[in-house]
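Chain residues, written in single-letter form:
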Protein chains: 2
Amino acid sequence: MLRTGFQVAVILGHHGALPGLTHLLPRFNPASAFGSSTVTLVSRVCWEMTESKNYALPNASWGPDMLSLYHEFLEKTKTEGWVRLPSFRSNRDHIQGFKLPLKSSANSDKSDSRLFTRCIEREGQGYEYVIFFQPSERKSICLFQPGPYLEGAPGFAHGGSLAALIDETFSKTAYLSGEGLLTVNFNIRFKKLIPLGSLAVLNVNVEKIEDQKVYLSCVTQSRDQQTVYAKASGTFLQMQLEEDSSQH
Amino acid sequence: MLRTGFQVAVILGHHGALPGLTHLLPRFNPASAFGSSTVTLVSRVCWEMTESKNYALPNASWGPDMLSLYHEFLEKTKTEGWVRLPSFRSNRDHIQGFKLPLKSSANSDKSDSRLFTRCIEREGQGYEYVIFFQPSERKSICLFQPGPYLEGAPGFAHGGSLAALIDETFSKTAYLSGEGLLTVNFNIRFKKLIPLGSLAVLNVNVEKIEDQKVYLSCVTQSRDQQTVYAKASGTFLQMQLEEDSSQH
């Protein structure tokens, strides 16, 4: 258990901004990863030394809107403290050496599992997305381009595909902002259908951290903010990852 | 437009039970499909003459729990008026000859799209599910066996994968019960994680139909009902499908 260090992150989370901290993130050294605070959490999720493919990088299926907004935020990782979160095939890759503090009788065959939002391998067919996280403001942006395998009504993204991606963006944001690990509840109000192949921007904010829970909100809209596709909220339970002794 | 016939279904929906109707369903003749009432709606969704693969049939990946409960409900289609809903690659296959009453600039390439909950082709890897609908009681059961590509926390189904399947089961149930077509809102409260490869049973009920909206609830639990995985509710907007003149 690495409770002491992680507790600092939670306490910092309660008080909001983390001045100066964000400058450290792009230069963060994995070798000294498990110190304390949000830096620790970001470093664990952003583990750059993994051999796993990073799905959060541009590919040929990304449209011009997705690409140009990606580059805009990439620029902000250099100047405004945003962090581009890598996205691996499984959450196991994000938390190497750690495990959930849950008693589980689950089948845990590690070789053949995928994070749900990375379940479709072929570029452009399913989920194309990248999450940028802003530690000092405890917020995230997720750029989402739904492919044809995410269909609900003909020609449009399934409401469930958007709900699942918001939940996934919530979960990474909740964890990085205050060790929110498990979804307690999730609400979504749909305003307009998202055409397949277009860009939707998820704007996620941590509203508060209270009573061992992280409360988040999300507005999903078009790039020009003229069209709101959905509004959502969610609550995550704070839990601390345990060191995985089976790895040693 | 086939408004007249469909309006009957909506009106019937307001008054609840449809005595005697359910006996017609298993023997329903697609050739006389577009009469009126819930029979019309069921026939459109259950269109048996399609050449599309029906994903709601057992395959080698189904575990003993899933298989035996499937056969239990299959028996009820003969004796208690339940209807096993077929499940095709796209909603286009469910509503052949019709289209949504939406103005759309969406890319509608029909050849390369998939219903989100059928996005993973290989048996057992992704969503394995089958929905049984009970017209006279306006309720559904969905048997769900999440595969390893639906992972969230290591070893467990992603909360978003369950949310998406509940939304999908809601949408079929809302449509068949009262032409509820589009999700307005969706709420889910998670109680316990679902181990990958196990069986979860979604119990969906139409709570009311009011002000052009269909209100639904869902309890997701283990087969023995001893474990509640999640509780959800959702609201769907009533809309009528339009005849697709481009098909003629």
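Computed from a predicted model, the values in this text were never measured in an experiment.

K.L.:
Any chance you could explain the relation of the copies chain B and chain A here in plain terms?
P.N.:
Relating one copy of the chain to the other takes a rotation about an axis and a shift parallel to that axis. Mapping chain B onto chain A calls for a rotation angle of 180 degrees and an axial translation of 0.0 Å; the resulting RMSD is 0.0 Å. This pairing of chains is accounted for by a two-fold axis. In terms of C-alpha distance to the rotation axis, chain B has N187 of chain B as its closest residue, with the C-alpha 2.2 Å off the axis. Both copies present the same face, since 100% of the interface residues in chain B are matched by interface residues at the equivalent positions in chain A.

K.L.:
Can you help me understand the nonpolar core in this one?
P.N.:
Across soluble globular proteins, nonpolar side chains have a tendency to be buried as a group. By size, the foremost hydrophobic cluster in this structure holds 104 residues, and its most contacted members are I188 of chain A together with I188 of chain B. If sequence neighbours within four positions are ignored, I188 of chain B has contacts with V184, N185, F186 and N187 of chain A together with L162, A163, I166, A230, K231 and A232 of chain B.

K.L.:
Mind showing me how you'd approach the confidence of the model for chain A here?
P.N.:
Caution is warranted with low-pLDDT regions, since their predicted coordinates should not be read in detail. All names here are of chain A. Looking at chain A, the pLDDT average stands at 81 and 77% of residues meet or exceed 70. Put simply, helix 1 (residues 3-14) is where chain A has its lowest mean pLDDT, 28, and strand 4 (residues 139-146) is where it has its highest, 98. Residue range residues 1-36 is modelled with pLDDT below 50. Its contacts to residues more than four positions away, or to other chains, number 62 contacts. Scored by ipTM, the complex comes to 0.83, with pTM at 0.83.

K.L.:
Explain the side chain of S113 of chain B here, please?
P.N.:
Positionally, S113 of chain B belongs in the loop between strand 2 (98-99) and strand 3 (127-134). At 3.2 Å, the side chain of S113 of chain B and the side chain of E151 of chain A are in polar contact. Those residues in contact with S113 of chain B that lie beyond four places of it in its chain are P148 and E151 of chain A together with R89, S90 and R92 of chain B.

K.L.:
Just to check I follow, could you spell out the interface of chain B and chain A for this structure?
P.N.:
How big an interface is tends to be stated in terms of the accessible area lost upon association of its parts. With 47 residues of chain B in contact, the opposing surface of chain A contributes 47 residues. In total, about 3,900 Å² of surface goes out of reach between chain B and chain A, with carbon and sulfur atoms giving 60% of it. Summed over the shared surface of chain B and chain A, the result is zero salt bridges. Counting across the interface, chain B meets chain A through 22 residue pairs in polar contact (both at pLDDT 80 or more). Those elements that place two or more of their residues in the side of chain B that touches chain A are helix 4 (91-94), helix 5 (159-178) and strand 5 (180-190) of chain B. Per-element tally for the side of chain B that touches chain A: the top contributor is strand 5 of chain B, with nine residues. Taken together, the residues of the side of chain B that touches chain A sort by class into 24 nonpolar, 15 polar and eight charged. Alignment of strand 5 (residues 180-190) of chain A against strand 5 of chain B, held across five bridges, turns out to be antiparallel. Opposite I188 of chain A, over in strand 5 of chain B, you have F186 of chain B as the bridge partner.

K.L.:
Would you mind showing me how to read the environment of T173 of chain B here?
P.N.:
All names here are of chain B. Relative to the helices and strands, T173 is located in helix 5. Judged by relative accessible area, T173 falls into the buried class, the value being 0%. For T173 and N205, which are 32 residues apart along the polypeptide, the C-alpha to C-alpha distance reads 8.2 Å.

So, how was this worked out
Residues numbered from 1 in each chain as written. Chains lettered and ligands numbered in written order. Predicted model: local features only at pLDDT ≥ 70, side-chain atom pairs only at ≥ 80, totals over all residues. Heavy atoms only, no water. Least-squares fit on C-alpha atoms with pLDDT ≥ 70 in both. Contact = heavy atoms within 4.5 Å. Core = buried A, V, L, I, M, F, W, Y, C linked by side-chain atoms within 4.5 Å. Buried < 20%, exposed > 50% of the residue type's maximum accessible area, 1.4 Å probe, protein only. pLDDT = per-residue confidence, 0-100. Helix = DSSP H or I, 4+ residues; strand = E, 2+ residues; numbered from the N terminus. Polar contact = N/O pair within 3.5 Å; in protein donor to acceptor, adjacent residues only side chain to side chain. Buried area = accessible area lost by both parts, 1.4 Å probe. Salt bridge = Lys/Arg side-chain N within 4 Å of Asp/Glu carboxyl O. Nonpolar A, V, L, I, M, F, W, Y, C, P; charged D, E, K, R; others polar. Pairing = 2+ DSSP bridges.

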